[in-house]
Amino acid sequence: MKNKLWTILAFPLFGMAIAACSGSKSTGSNAGEPALKDVFKKDFQIGAALNGSQIEEKDPQADAVIKKHFNVLTPENIMKCEIIHPTLDKYDFTLADKLVDYAAKNKMQVVGHTLIWHSQLSPFVRRMQNADSVKQFFNNHITTIAGRYNGKLLGWDVVNEALNEDGTMRKTIFLDKLGDDYVTEAFRLAQQAAPNTQLYYNDYNNEQPQKRAGCIALIKKIQAAGVRIDGVGIQGHWHLGRVPLADIEKSIEEYAALGMKVMFTEVDIEVLPRNFKGADVNQRMASDPKLNPYSNGIPDSILQKQAQDYANLFKLFLKHKDKISRITFWGVNDGQSWLNGWPVRGRTNYPLLFDRSFKPKPAYYSIIATKK
Ligand code: G3I
């Protein structure tokens, strides 16, 4: 009941007639618009997460947008364990190598995502029962992959999402079999294998006070062990009308005070109803037509509200540009966002700066306007 009430209160426009469609309201084509990477050139890098077909250059429209607007790329999935290390003795670097070549050819940089994460693990890892096997996997996985790309990547998300919402360590196979120090050990191995690559800790909701405190403790622990950590990624999966600006500002200041480069690594602002925060891929909601109100188009009023949220966010980023190194969007256009399939399958979501035809949305213009 509480969740239902939350949804209704948070979405007052829910059920209203669709006034306008994002496609028909888009202003102009992409070709004549300023490139995001040029607009923010003196401030921070502007990135996008790419899916497999974008890395293989199978999508010419996406390709044009990527080359025009972004100067740093993150693989959305293809460097995750289940793809890059499918069985115990086999690594598959095909797509990761393609991404590195694609970036080099187009004068872009790459952030590796991610060496150690509890999700999207290969089945052989999930089946491991004893600590020795997990330790051997952990060492080989980090050393082999980080070593292969040493100096070819800007940085690595060495460990992803190791924390619970209350700042304690998340219960994963790594915590269970390797103990509390596994995050420090992951950074130690990455530092040895990739001395010329930046090393980051990445999480969602780590701008929230309790999780931020846990993240700060983790960073201090790594530093106290004499191990290198260069930055912290705040993923930035936020919700329309509820971007936590004050918490974000405090987080930028507190992480920077530890000597961290601060990065916003998976930014999107979703517009559909949801009854929890964050991006825990294990959390899902049952499908229900009421949870998919904009399947035939989105009211312009919602897009304007989203544009305002993005503008406020970028004003804050610019205020702290001396501490922020990168802003990466989690996807290229609305139709390609993971939020069409999570936490409810088969919805029509609108979280990014480009619509389904790759036309810039009001959110794109609003962030450009923050520079004027
Ligand atoms: O590759 C298979 C394909 O073979 C199969 O036919 C298809 C059927 O569902 O699934 C494909 O795998 C999907 C995979 O993306 C690649 O497209 C999975 O089902 C799907 O669950 C997976 O979702 C990814 C999600 O991580 C899973 O953990 C999203 O694309 C990706 O955007 C998302 O990214 C994470 C970050 O890594 C960490 N932070 C949160 C963020 C959002 O969840």
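Everything discussed here concerns the structure shown above.
Note that the structure is a prediction, hence the values are computed from the model and not measured.

H113 connects to T114 through a cis peptide bond whose omega is 0°. Along the chain, T114 falls in strand β3 (residues 109–116). In this model, Q120 sits at a positive phi of 55°, which is unusual for a non-glycine residue. Structurally, Q120 is set in the loop between β3 and α8 (123–126). If you check the backbone angles, N205 has positive phi at about 60° while not being a glycine. With respect to the helices, strands and loops of the structure, N205 is situated in the loop between β5 (198–203) and α12 (209–224).

Here we take up the nonpolar core. If you look at the biggest cluster of nonpolar residues, it comprises 96 residues, and the most contacted ones within it are F264 and F329. Top contributing element to this core by residue count: helix α11 (residues 182–193), with seven residues. Each residue touching F264, except ones within four places of it in the same chain, is listed here: I234, Q235, W238, I248, I252, F317, I324, R326, I327 and T328. Counting 11 residues, the second largest nonpolar core, distinct from the first, contains A49, A279, M285 and L291.

Aromatic rings in a pair are described by how distant their centres are and how their planes are angled relative to each other. Scanning the entire structure with this criterion turns up 19 aromatic pairs. Residues F314 and F329 carry aromatic rings whose centres are separated by 6.2 Å and whose planes lie at 0° to one another, so their mutual orientation is stacked. Taken as a pair, F314 in helix α14 (residues 300–319) and F329 in strand β9 (residues 324–329) lie far apart in primary sequence, 15 residues in all. A single burial state applies to F314 and to F329, both of which are buried. Joined through ring pairs, the aromatic side chains of F40, F44, W238, F264, Y310, F314, F317 and F329 make up one cluster.

Conventions adopted
- Residues numbered from 1 in each chain as written.
- Predicted model: local features only at pLDDT ≥ 70, side-chain atom pairs only at ≥ 80, totals over all residues.
- Heavy atoms only, no water.
- Helix = DSSP H or I, 4+ residues; strand = E, 2+ residues; numbered from the N terminus.
- Core = buried A, V, L, I, M, F, W, Y, C linked by side-chain atoms within 4.5 Å.
- Buried < 20%, exposed > 50% of the residue type's maximum accessible area, 1.4 Å probe, protein only.
- Contact = heavy atoms within 4.5 Å.
- Phe/Tyr/Trp six-rings, centres within 6.5 Å; stacked < 30°, edge-to-face > 60°.

Shape is all these values report; function is a separate question.
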